[in-house]
Amino acid sequence: MDKRMCVDCWRRDNLTFVQRLDPAYITPGPVHRCAMHAAILDELRKGPESAPRAA
């Protein structure tokens, strides 16, 4: 398997909902993420202080 695949896409396509919640299927380490999942993760890392405030 030489082609890199986004870990989040692979989990969505190959694991059941219950398996995705199971800590045994969450492996730490270097991962590859597609542009969509990388952008979502970057937004989550910014935190609530980067969100626009209502007037």
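Use the structure listed above.
Criteria and cut-off values
Residues numbered from 1 in each chain as written. Predicted model: local features only at pLDDT ≥ 70, side-chain atom pairs only at ≥ 80, totals over all residues. Heavy atoms only, no water. Patch = residues over 30% accessible without salt bridge, like charges linked within 9 Å, V, L, I, M, F, W, Y side chains within 5 Å. Areas by Shrake-Rupley, 256 points an atom, 1.4 Å probe, with all protein chains shown as cover. Salt bridge = Lys/Arg side-chain N within 4 Å of Asp/Glu carboxyl O. Buried < 20%, exposed > 50% of the residue type's maximum accessible area, 1.4 Å probe, protein only. Helix = DSSP H or I, 4+ residues; strand = E, 2+ residues; numbered from the N terminus. Contact = heavy atoms within 4.5 Å. Expected span 1.5 Å × (residues − 1).

## Digging into a nonpolar patch on the surface
On the surface, Phe17, Val18 and Leu21 cluster together to form a nonpolar patch covering roughly 360 Å² of accessible area. By relative accessible area, Phe17 is classed as exposed at 56%.

## Describing the environment of Arg12
Looking at the secondary structure, you find Arg12 in helix α1 (residues 7-14). Setting aside residues no more than four positions away along its own chain, Arg12 makes contact with Arg20, Met36 and His37.

## A few points about the pattern of salt bridges
Taken as a whole and assessed by the stated rule, the structure comprises three salt bridges. The shortest N-O distance in the salt bridge between Arg33 and Asp8 comes to 2.8 Å. Separated by 25 residues along the polypeptide, Arg33 in the loop between α2 (17-21) and α3 (35-46) and Asp8 in helix α1 bring together distant segments of the chain. Relative accessible area serves as the criterion here: at 22%, Asp8 is assigned to the partly exposed category. Its salt-bridge partner being Asp13, residue Arg12 comes within 3.2 Å of it at the nearest N-O pair.

## What to know about α3
Over its twelve residues, α3 extends 17 Å from the first C-alpha to the last, a length consistent with the 16 Å expected when each residue adds 1.5 Å. Within two residues after α3, Gly47 carries a phi angle of roughly 90 degrees, on the positive side.

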